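Observations on chain architecture
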2 protein chains.
Amino acid sequence: MADTKVYRASTTAPVNIAVVKYWGKRDAKLNLPTNSSLSVTLSQDDLRTLTTAACSATFDGDSLTLNGELSDISGARTQACFRELRARRAAVEAANPALPKLSTLPLKIVSENNFPTAAGLASSAAGFAALVRAIANLYELPESPSDLSLIARQGSGSACRSLFGGYVAWRMGSQDDGLDSKAELVAEASHWPQMRALILVVNAAKKDVPSTSGMQQTVATSGLFQQRITQVVPANMTLMEEAVRDKDFAKFAEVTMRDSNSFHACCADTYPPIFYMNDASRAAIRAVEAINTQAGKTVAAYTYDAGPNSVIYFLEEDAATVVGAFHEVLGAVGGWKDGAATLKSSAKIPEQTAAILKDGVSRVIQTGVGSGPVKTDEFLITEDGQPAKR
Amino acid sequence: MADTKVYRASTTAPVNIAVVKYWGKRDAKLNLPTNSSLSVTLSQDDLRTLTTAACSATFDGDSLTLNGELSDISGARTQACFRELRARRAAVEAANPALPKLSTLPLKIVSENNFPTAAGLASSAAGFAALVRAIANLYELPESPSDLSLIARQGSGSACRSLFGGYVAWRMGSQDDGLDSKAELVAEASHWPQMRALILVVNAAKKDVPSTSGMQQTVATSGLFQQRITQVVPANMTLMEEAVRDKDFAKFAEVTMRDSNSFHACCADTYPPIFYMNDASRAAIRAVEAINTQAGKTVAAYTYDAGPNSVIYFLEEDAATVVGAFHEVLGAVGGWKDGAATLKSSAKIPEQTAAILKDGVSRVIQTGVGSGPVKTDEFLITEDGQPAKR
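Model, not experiment: these values are computed from the prediction. The residue count restarts for each chain, going from 1 along the sequence in the order it is written. Ligands are numbered from 1 and chains lettered from A, in the order in which they are written. For this predicted model, a pLDDT threshold of at least 70 governs which residues receive local features, and a threshold of 80 or more governs which side-chain atom pairs are given and counted, while totals over whole chains, interfaces and linings are taken from all residues. The side-chain values count all of the structure's non-hydrogen atoms but skip hydrogen atoms and water molecules.

**Description of the confidence of the model for chain A**
Where we set the bar: Confidence of the predictor at the level of single residues is given by pLDDT, which spans 0 to 100.
Considering every residue of chain A, the mean pLDDT works out to 95; 97% of them sit at 70 or more. Predicted complex, confidence summary: ipTM 0.93, pTM 0.95.

**A closer look at the relation of the copies chain B and chain A**
Related by rotation about an axis and a shift along that axis, the two copies of the chain form a pair. As a reminder, the rule being used: Copy-to-copy alignment: least squares on C-alpha atoms, limited to residues at pLDDT 70 or above in both. Contacts are assigned to residue pairs with any non-hydrogen atoms lying within 4.5 Å of each other.
Taken as rigid bodies, chain B and chain A are interconverted by a rotation of 180 degrees and an axial shift of 0.0 Å, the fit giving an RMSD of 0.0 Å. This pairing of chains is accounted for by a two-fold axis. For chain B, the smallest separation between a C-alpha atom and the rotation axis is recorded for alanine 265 of chain B, amounting to 2.2 Å. Looking at chain B, 100% of its interface residues are interface residues in chain A too, so the copies touch through the same face.

**Describing the nonpolar core**
Formally: Throughout this description, the term nonpolar core refers to a set of buried Ala, Val, Leu, Ile, Met, Phe, Trp, Tyr and Cys residues connected via side-chain atoms within 4.5 Å. Per-residue accessibility, obtained with a 1.4 Å probe over protein chains only, is compared with the maximum for each type, and a residue is labelled buried under 20%, exposed over 50%, and partly exposed between these values.
Judged by nonpolar contacts, the single largest core of 244 residues is most densely connected at Phe252 and Phe326 of chain A together with Phe252 and Phe326 of chain B. For phenylalanine 252 of chain A, the residues in contact, after removing those within four places along its chain, are Val19, Val40, Trp192, Met195, Met240, Ala243, Val244 and Tyr313 of chain A.

**Structural notes on the pattern of salt bridges**
Residues and elements named next belong to chain A. Just so we agree on the cut-off: Salt-bridge detection follows one rule: a side-chain nitrogen of Lys or Arg within 4 Å of a carboxyl oxygen of Asp or Glu.
Evaluated as defined, the whole model comprises 36 salt bridges over all chains. Between aspartate 246 and arginine 245 there is a salt bridge, with its nearest N and O atoms 2.7 Å apart. On the basis of relative accessibility, which here comes to 42%, the residue aspartate 246 falls in the partly exposed class. Take arginine 245: its relative accessible area is 54%, and that puts it in the exposed class.

**Side note on the pairing of strand 15 (residues 361-368) of chain B**
Residues and elements named next belong to chain B. We apply this condition: Secondary structure elements follow DSSP: runs of H or I of four or more residues count as helices, runs of E of two or more count as strands, with numbering from the N terminus. By the convention used here, strands pair only if DSSP detects at least 2 bridges between them.
Along strand 15, 6 of the 8 residues are buried, which leaves the element largely enclosed by surrounding structure. Two elements, strand 12 (residues 195-202) and strand 15, share 7 bridges in a ladder whose sense is antiparallel. The residue bridging isoleucine 199 from the neighbouring strand is isoleucine 365, located in strand 15.

**A closer look at the packing of aromatic side chains**
Using the following cut-off: Between the rings of Phe, Tyr and Trp (Trp by its six-membered ring), a pair exists once the centres lie within 6.5 Å; its type follows the angle of the planes, with under 30 degrees stacked, over 60 edge-to-face, and the other angles tilted. Two conditions define a charge sitting above a ring: the NZ of Lys or the CZ of Arg must be within 6 Å of the ring centre, and it must be within 35 degrees of the ring normal.
If you walk through the whole model with that rule in mind, you get 16 aromatic pairs over all chains. Consider the rings of tryptophan 192 of chain B and phenylalanine 252 of chain B, whose centres lie 5.6 Å apart with planes at 80 degrees: the pair is edge-to-face. In this pair, tryptophan 192 of chain B sits in the loop between strand 11 (183-187) and strand 12 while phenylalanine 252 of chain B sits in helix 6 (residues 249-268), placing the two residues 60 residues apart along the sequence. Phenylalanine 252 of chain B carries the same exposure label as tryptophan 192 of chain B, and that label is buried. Among the aromatic residues, those joined into a cluster by ring pairs are Tyr167, Trp192, Phe249, Phe252 and Tyr313 of chain A. The ring of phenylalanine 379 of chain B has arginine 8 of chain B sitting right over it, with the charged end atom 3.8 Å from the ring centre.

**Focus: the packing of helix 8 (residues 319-330) of chain A against helix 9 (residues 351-360) of chain A**
All names here are of chain A. Using the following cut-off: Note on definitions: angles span 0 to 180 degrees between N-to-C directions of axes, and those axes are lines fitted to C-alpha atoms, for helices only across the stretch in contact. Here is the rule for angles: anything less than 35 degrees is roughly parallel, anything more than 145 is roughly antiparallel, 65 through 115 is roughly perpendicular, and the remaining ranges are oblique. Left-handed is the label given to a crossing in which the near helix is rotated counterclockwise from the far helix by less than a right angle, and right-handed is the label when the rotation is clockwise. Under the convention adopted here, Pro, Cys and the residues Ala, Val, Leu, Ile, Met, Phe, Trp and Tyr are nonpolar, Asp, Glu, Lys and Arg are charged, and Gly plus all remaining residues are polar.
Helix 9 packs onto helix 8 with a crossing angle of 70 degrees between their chain directions and a minimal axis gap of 9 Å. Here helix 8 lies roughly perpendicular to helix 9, going by the angle between them. For helix 8 against helix 9, the interelement crossing comes out right-handed. Along the contact surface, helix 8 presents Phe326, Val329 and Leu330, while helix 9 presents Ala354, Leu357 and Lys358. Looking at the contact of helix 8 with helix 9, its residues break down into 5 nonpolar, no polar and 1 charged.

**Describing the sheet that holds strand 5 (residues 37-41) of chain B**
Residue and element names in this part refer to chain B. Read from one edge of the open sheet, 4 strands run 2-5-10-11, paired in antiparallel fashion. At either end of the open sheet lies a strand with only one pairing partner, and these are strand 2 (16-20) and strand 11. Going from strand to strand, the sheet's axes swing by 35 degrees on average, the running direction of each strand aside. Examined bridge by bridge, strand 2 and strand 5 share 4 bridges and lie antiparallel to one another. The residue of strand 5 that forms the bridge with isoleucine 17 is valine 40. On top of the sheet, helix 5 (residues 225-246) reaches strand 2, strand 5, strand 10 (167-170) and strand 11; it is set at about 115 degrees to strand 2, its chief contact.

**What about the pairing of strand 5 (residues 37-41) of chain A?**
Counting buried positions along strand 5 of chain A gives 5 out of 5 residues, so the element sits mostly inside the fold. What you see with strand 5 of chain A is no split at all: Ser37, Ser39 and Thr41 of chain A on one side and Leu38 and Val40 of chain A on the other are buried throughout.

**Some details on the interface of chain B and chain A**
Going by this rule: Accessible area, probed at 1.4 Å, shrinks when two parts are joined; the buried area is that loss added up over both. Residues adjacent in sequence count toward polar contacts only when both atoms are side-chain atoms; beyond that, a polar contact is any pair of N or O atoms within 3.5 Å, and within protein one must be able to donate a hydrogen and the other to accept it.
Every contact between the two is made by 32 residues of chain B and, on the other side, 32 residues of chain A. Both faces combined, the contact of chain B with chain A buries some 2,600 Å², and carbon together with sulfur accounts for 57% of it. The tally of links from chain B across to chain A stands at 2 salt bridges. At the boundary of chain B and chain A, one finds 9 residue pairs in polar contact (both at pLDDT 80 or more). Breaking the side of chain B that touches chain A down by element, the ones donating at least two residues are helix 5, helix 6 and helix 7 (279-295) of chain B. Counting residues per element, the side of chain B that touches chain A draws most heavily on helix 6 of chain B, which supplies 8 residues. Of the residues belonging to the side of chain B that touches chain A, the class tally is 15 nonpolar, 8 polar and 9 charged.

**A closer look at the environment of valine 219 of chain B**
Residue and element names in this part refer to chain B. With respect to the helices, strands and loops of the structure, valine 219 is situated in helix 4 (residues 211-221). Judged by relative accessible area, valine 219 falls into the partly exposed class, the value being 30%. For valine 219 and tryptophan 23, which are 196 residues apart along the polypeptide, the C-alpha to C-alpha distance reads 8.7 Å. In this structure, valine 219 is in contact with Gly24, Lys25, Thr34 and Phe225, ignoring residues within four places of it in sequence.

Dropping the structure here:
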């Protein structure tokens, strides 16, 4: 008789925020980038995706449920991940005929974020990392996180970096098949655990241009972009790896801010121009500059992805100076951790800048560097294959 | 007995708005640029500086009065202009001893703009062009406008382009002494008289960074700037001269918009970043894009100098489409010419964009391509050397 068992595995996966940005594809189908990038993995206590992968002969077809909503899996990216993972399971099964033929069974994936998508935080990175890691757990694949990053990359480029914790590089690689375009660990979170991040969630009309099409437009039309990918980013990658190795925050901060500026400059040089930052985003830059100036040293660094939210990195030892200064201005919005109100800063954000921030920031998220995907016994699918009541 | 005669000469000079931008000095003292630039001279009916230059043994020392206020002339820039012009007059006097020795007499300069400085329009270009032209008239110098542009350039770089009407190039030159860094006529206004400009004066806090220091910071810190000056601008200069020669508006417009984007991208890539445009400036870009899309062809082109004001070039034949669309949204602000209200556009500025413009634009200026400096009998100094009552 047929095997009606439901096989399950769950994992959590983190969000990562690049400090050397990924912008530009040399191969859109395989998500091969025009330059390497480097990111900090953020703590899953604050931002994480929980994903359960299950397979069973009782399921009718593959399915993916994201935050309670059935999601379209016909897209080439999701299909590529399913296909690649099944192929690797099939290889395992071929090597050991005693194993159940999970590669032939329908997949049911259920995934939930612990943060509002409304926050406009790139959730696709955590989402695809969790999907790949969960199915790899279900299939008991021997592949390393770096090998799995090849698969996650095909789901969403930056997802490849969310398979590791700490400080992670995505090496662009040079092969046409992309087999050398993968993520690798630069340093564990434990190497430099003092790294913190304050995210300012900025009110915005809908996103200016989706990243994928925006990247393509930049590659095709920006007269400055070649300089970024051939000169600016390679230099920033080297400097950033040195900064992480040496735990040199001033260097980390300068490269982070310069690379964010360079990325958004290339967006502005795109034709027609792409603008992800708004007046509130720019006010946050002025605030960081004011805090650093008043602190007499670099204690904070801003960076912006393809959106208006400001991610501000700082060290735990400077929490009072940095968090205190922003809480003084934004104490009324949600998201502060207990104790934020008690942090008194020696630095004051200039009045005009503060007014723009008050007007434009809707909430904050306080977090820090964290670990990579973690296998968990928390399941979003029951033993008999039903959605778990939560 | 001593000559107590007051010698006088007056001129008007125009504002110019670059379509290939000047940004970056290779020699700050001589105002030698890192790249060539090209501008459109705007009509003096709408924007002009009137300057009277006088000299007399009865004056006690050189003086300069700008818009009714005595101005500091001790600066190296103003002194350089006075010195260079006196040297040329001295040469003329040496060649013809019958001439009065004006080069030895104190200079009194009185200058007035017909537009509010509050408008934040670069008035230094028109100001120094008028100062140089007025003194050259007073001294009856034989120098050509191009030769005089060498002097105006030392007062304010972009001033060299305001010595001509129409379409004007500033050749960067290569000599260390800057003797080949001068303005030259690309085409008279009469070659392409249909060019119009609509200026949106945008509310702004004080200017982000003064141009001179901003340029220096960009040259020193932007990783993308070298690409602009070595690749992007030379290509844009060639394309723009072809566009003007062929009266090809679509080409003129694309190069204008791309070069403005490239310039502001380099400002954003400066460390710390320089932001001249704000959300209202960006909304004007979206408005121009919407108008062009709805018109089914390029009928408008935006460009931004070192400030948030939007200068929108268009052809007279498209006045209804372009001016009409903006008047529909900004009809309530000042500066519209008679008849603007009657222009009905087929294009509509999207609601969200319109709201940002309504909120951010304080007035408009309607103008077009115009002529260079004009000698005039309107004097700001009386025959006996006193300020003229006006």
